[in-house]
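# Structural features, examined
Below, each chain spelled out in residue letters.
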Amino acid sequence: MSEELTAREVARLYKDYVNPDLARTMRITGLGVVEDHAQGCYVWDTEGQKYLDMAGGYGVFCLGHSHPHVIAAVEKQLHKMSLSAKVFFTAQQAKLAKKLAEITPGDLKYTFFCNSGTEAVEGALKIARLTTERITYVAMQNAFHGKSTGSLAVSGRPNYRTPFEPLMPEVRHIPFGDVSALEEAVDETVAAVLVEPIQGEGGIHVAPDGYLQKMREICDKHGALLVADEVQTGFGRTGKMFAVNHWDVAPDILIVAKALSGGILPIGAFIGTQRVWSAFKGRPTIHTSTFGGSPLACTAGLAALEVYEQENLCQKSAESGAYFKAELQKLAGEYPDLIAEVRGLGLLLGMEAVKEEYAGSIISEMSHRHIIAVYTLNQPKVIRFEPALNISREDIDSCLKALSESLAKTREMFKGRM
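Let me sum up the structure you'll find in this document. This structure is a prediction, so every number in the text was calculated from the model and none was measured.

The final tally for this structure, using the stated rule, is 1 cavity of 30 Å³ or more. Estimated volume of the largest cavity: approximately 30 Å³. Lining the largest cavity are Gly40, Cys41, Asp53, Gly56, Phe61, Gly64, His65, Pro387 and Ala388. The class makeup of the residues in the lining of the largest cavity is 4 nonpolar, 4 polar and 1 charged.

If you want it as structure tokens, here you go:
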């Protein structure tokens, strides 16, 4: 084994060979430690320091880090076959697809496996076009669907889009939650409407009650597909297996990734109805993935789904999230000069700071107290909390204590400048 590097040496290698701007940013924000190992809700650095992970890999670690049930299943499969030969059937892929058909809403039945959320979005965009024979998409302002060119085209933050324009044409961006804008945008030329039931990177904005039901009606009226991006909200994150379940809405295509493997291996997927899959029309290889649906990744997915059900994690997410949110709202009431609002469902919670610089200070102070917290990608004023669904009440209270201290420190730092 090669000699271990110091944090300073790793930072230098990042600067020289990975990403100089990222290295500089991590150093400035105090995140320039080197992770070494993780278990459950905790991450340890190479110096032996222990951190409570309240960011959860941006939604990846719904089971926490290295859940033993998933690890055991993957270890066993690793010694049999890790990647598919791609010319025969794969039993693990077949079983995981069947399980997804059983737990997803409505008439969703068939699954295409890939390796990430953005790949799943790309596939959903293609199959929507094949199904409807239309080329126009409706997407939400402030949305985030990934950073490959197709998914970027339907994402809603200009900062990420503008440097790469022109992107895929015929995308209509409308305000999230605005029914009138939706009615105006969707017509007989639209292939699909893409929506996150809760905008995660957009700042943890929950769909207004009735909005997704109305979206379903409008799509049906004009023959457009409803595509729900649950890359961040899927698998119990919001207190139900899928966020659309809160509103009893069934999409034509459901996109998942992040937590599907229990945080062990990269995997993404999109699941469609019989109508959607009929668009392949005798062209089974029109959309493929070399690494998608590998025996190893699908084994992890199957094991993870067993844990979600056996440990009743949807209910735990709902209960822990309700407690956590109420406590965050209390802190917001104590610090109205720093915190504007708390929102979210289950254990997908956002605390919006009055100013972006306040959020940065709070996150930095929490890091000093060995709590991992991050902001949302499209809205840096919002601090997100996405811990493991099996997080203990004691760990939530530890986070709240550190947050309270960080708020007090931030108020002191900005005193006289507010």
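Here we take up the environment of Ala192. With respect to the element layout, Ala192 can be found in strand β7 (residues 190-195). For Ala192 and Ser82, which are 110 residues apart along the polypeptide, the C-alpha to C-alpha distance reads 35 Å. Look past the residues within four positions of Ala192 in its chain and what remains in contact with it is Ala128, Thr136, Tyr137, Val138, Ala224, Leu225 and Val227.

Burial of nonpolar side chains together is a common tendency in soluble globular proteins. Counting 68 residues, the largest nonpolar core has Phe235, Tyr308, Phe324, Leu328, Phe385 and Leu403 as its most contacted members. Broken down by element, this core gets its largest block of residues, 10 residues, from helix α12 (residues 295-310). Contacts of Phe324, omitting those with residues within four sequence positions, involve Met54, Leu347, Leu349, Phe385, Ile396, Cys399 and Leu400. Formed by 29 residues, the second largest nonpolar core is a distinct cluster that contains Ala139, Leu225, Ala257 and Val276.

Look at helix α4 (residues 68-78) against α12: their axes get within 9 Å of each other, and the N-to-C directions meet at 155 degrees. Compared by their axis directions, α4 and α12 come out roughly antiparallel. Crossing geometry of α4 relative to α12 is assigned as right-handed. Residue-level inspection shows His69, Val70, Ala73, Val74, Gln77 and Leu78 of α4 in contact with α12, the latter providing Pro295, Leu296, Thr299, Ala300, Ala303, Ala304, Glu306 and Val307. Looking at the contact of α4 with α12 residue by residue, the classes come out as 10 nonpolar, 3 polar and 1 charged.

Bridging between strand β1 (residues 35-39) and strand β2 (residues 42-45) involves 4 bridges; their strand directions are antiparallel. In the sheet register, Glu35 faces β2, and the bridge partner there is Asp45. Remark: 2 residues form the turn of the hairpin made by β1 and β2, two consecutive strands paired antiparallel; Gly40 in that turn has positive phi of roughly 60 degrees.

Taken as a whole, the second largest pocket holds about 710 Å³ of empty space. Taken together, 23 residues line the second largest pocket, and the ones lying closest to its centre are Phe89, Gln93, Thr111, Phe112 and Phe113. Put simply, the parts of the chain that give the lining of the second largest pocket at least two residues each are α5 (91-103) and β4 (110-114). Residues of the lining of the second largest pocket, tallied by class, amount to 11 nonpolar, 9 polar and 3 charged.

Now for α5. Its 13 residues place the ends of α5 19 Å apart at the C-alpha level, agreeing with the 18 Å of an ideal helix rising 1.5 Å per residue. Those residues of α5 that sit buried are Gln92, Leu96, Ala97, Leu100 and Ile103. Angular distribution of buried residues about the axis of α5 spans 135 degrees; they occupy a single face of the element. Packing partners of the buried residues in α5 comprise α4, β4 and α12.

Scoring rules and cut-offs
- Residues numbered from 1 in each chain as written.
- Predicted model: local features only at pLDDT ≥ 70, side-chain atom pairs only at ≥ 80, totals over all residues.
- Heavy atoms only, no water.
- 1 Å grid on protein atoms, 1.4 Å probe; cavity = no way out; pocket = protein on both sides within 12 Å on 5 of 7 lines; lining within 4 Å.
- Points joined across faces, edges and corners; volume = space filled by probe spheres on them.
- Nonpolar A, V, L, I, M, F, W, Y, C, P; charged D, E, K, R; others polar.
- Helix = DSSP H or I, 4+ residues; strand = E, 2+ residues; numbered from the N terminus.
- Contact = heavy atoms within 4.5 Å.
- Core = buried A, V, L, I, M, F, W, Y, C linked by side-chain atoms within 4.5 Å.
- Buried < 20%, exposed > 50% of the residue type's maximum accessible area, 1.4 Å probe, protein only.
- Axes fitted to C-alpha atoms, helices over the stretch in contact; angles between N-to-C directions.
- Parallel < 35°, antiparallel > 145°, perpendicular 65-115°, else oblique.
- Left-handed = near helix turned anticlockwise from the far one by under 90°.
- Pairing = 2+ DSSP bridges.
- Expected span 1.5 Å × (residues − 1).
- Arc of directions from axis to C-beta.

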